[in-house]
Amino acid sequence: MPATILVVEDEPAIQELIAYNLKQAGHQPLRADSAEHALELVRTALPDLVLLDWMLPGLSGIEFARRLKSDKRTREIPIIMLTARAEEQDKLVGLETGADDYITKPFSPRELNARIKAVLRRRAPEMTDDMVEIGGLRIDPASHRVSAGHDAQAVPITLGPTEFRLLHYLMTHTERVHSRVQLLDQVWGDHVFVEERTVDVHIRRLRKALEPTGHDRLIQTVRGSGYRLSATPG
Ligand code: CA
């Protein structure tokens, strides 16, 4: 699945090269040449991952990472630090700040892509193409298909694009309650321009599509809190 990746890098040539490589790998790059600019972008929409240069003019990469990690809304965004310095001490500081990984410049596009893939798989399983199955309900992001039932008896389920993303998110983050605001941030990528009840509308559509095979029961309403996908009836 394509990920929106925020590239925070003040050197134009490197920023350009990274953005080009991300596009080649099927991702959507967002670019900022300073941490201040990046903070502005994050305010409007949450990226799926941040590639963060350590040495920036103004607010440093480390300080930017600290800010993301100290805000509940942005805390979960995975961060890969980019740096020209390979000192062990810097690596430790970066990882202590909450960076998920660390790449030393210069790096090859192949290395960058491999690191991105690994971090997304670990931190944001909904961004990878791995098939997920829960209680006979199967979602395959690579082929964009959903089916219910086992093997020969499996029936295809047709979902709209938003319901597909919503189901995929819930199936990769099971057994916990997601508030409407969290779902807007994670599934819509934006909580500023969409009303919270939009989530209810799409949950209703999703349940309706899953009803014929009884899988609508996987999606539970937690009164006053939000929604949860659980393999065990709640
Ligand atoms: Ca720099």
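Residues numbered from 1 in each chain as written. Predicted model: local features only at pLDDT ≥ 70, side-chain atom pairs only at ≥ 80, totals over all residues. Heavy atoms only, no water.

S.K.: Describe in detail the coordination of the calcium ion, supporting the description with residues and values.
M.R.: Ideal geometry at a metal gives 109.5 degrees between four tetrahedral donors and either 90 or 180 degrees between six octahedral ones. Coordination sphere of the calcium ion, protein contribution only: Asp10 (OD), Glu11 (OE), Asp53 (OD) and Met55 (O), at 2.1 to 3.1 Å. Sequence spacing of the donor residues for the calcium ion, all on one chain, is D-E-x41-D-x1-M. Placement of Glu11 in the loop between strand S1 (4-8) and helix H1 (12-24) and of Met55 in the loop between strand S3 (49-53) and helix H3 (61-70) is noted, with a sequence separation of 44 residues between them. (Donors = N, O, S within 2.8 Å, 3.2 Å for Na, K, Ca; no water. Helix = DSSP H or I, 4+ residues; strand = E, 2+ residues; numbered from the N terminus.)

S.K.: Account for the side chain of Ser230, with residues named and values stated.
M.R.: Structurally, Ser230 is set in the segment after strand S11 (226-229). Here Glu175 takes part through its side chain, which lies 2.9 Å from a polar atom of the side chain of Ser230. (Polar contact = N/O pair within 3.5 Å; in protein donor to acceptor, adjacent residues only side chain to side chain.)

S.K.: Can you lay out the environment of Arg197 for me, pointing to particular residues and giving the numbers?
M.R.: Relative to the helices and strands, Arg197 resides in helix H8 (residues 197-210). We classify Arg197 as exposed; its relative accessible area is 56%. Taking C-alpha positions, Arg197 is 7.8 Å from Arg180, a pair spaced 17 residues apart along the chain. (Buried < 20%, exposed > 50% of the residue type's maximum accessible area, 1.4 Å probe, protein only.)

S.K.: Account for H3, naming residues and giving values.
M.R.: Of all the residues in H3, the buried ones are Gly61, Ile62, Phe64, Ala65, Leu68 and Lys69. Angular distribution of buried residues about the axis of H3 spans 160°; they occupy a single face of the element. (Arc of directions from axis to C-beta.)

S.K.: Before we move on, can you summarise the domain arrangement of the protein chain with the specific residues and values?
M.R.: Domain annotation of the protein chain identifies domain 1 (4-127) and domain 2 (132-229). Overall, the association of domain 1 and domain 2 removes approximately 760 Å² of surface from exposure, summing both partners, and the carbon and sulfur fraction of that is 50%. The interface formed by domain 1 and domain 2 holds one salt bridge in total. Asp185 is the salt-bridge partner of Arg73, the closest N and O atoms lying 3.4 Å from each other. For the pair domain 1 and domain 2, the number of links is one residue pair in polar contact (both at pLDDT 80 or more). Here the residues of the side of domain 1 that touches domain 2 are counted per class, giving three nonpolar, one polar and three charged. (Domains from an automatic or database assignment. Buried area = accessible area lost by both parts, 1.4 Å probe. Salt bridge = Lys/Arg side-chain N within 4 Å of Asp/Glu carboxyl O. Nonpolar A, V, L, I, M, F, W, Y, C, P; charged D, E, K, R; others polar.)

S.K.: Could you give me a rundown of the sheet that holds S1, with the residues and numbers involved?
M.R.: As summarised here, the arrangement of the five strands in space is S2-S1-S3-S4-S5, forming an open sheet in which the pairing is parallel. A single partner strand is all that each edge strand has here, and the edge strands are strand S2 (28-32) and strand S5 (101-104). Averaged over all pairs of adjacent strands, the angle between their axes in this sheet comes to 20°, without regard to strand direction. In this structure, S1 lies alongside S2, joined through five bridges in parallel fashion. From the neighbouring strand, Val8 faces S2, where its bridge partner is Ala32. (Pairing = 2+ DSSP bridges. Axes fitted to C-alpha atoms, helices over the stretch in contact; angles between N-to-C directions.)

S.K.: A description of the environment of Glu163 should follow, citing residues and the corresponding values.
M.R.: Mapped onto the fold, Glu163 is located in helix H6 (residues 161-172). Separated by 45 residues in sequence, Glu163 and Ala118 have C-alpha atoms that sit 26 Å apart. Sequence-distant contacts of Glu163, defined by excluding residues within four places in its chain, comprise His202, Arg205 and Leu206. (Contact = heavy atoms within 4.5 Å.)

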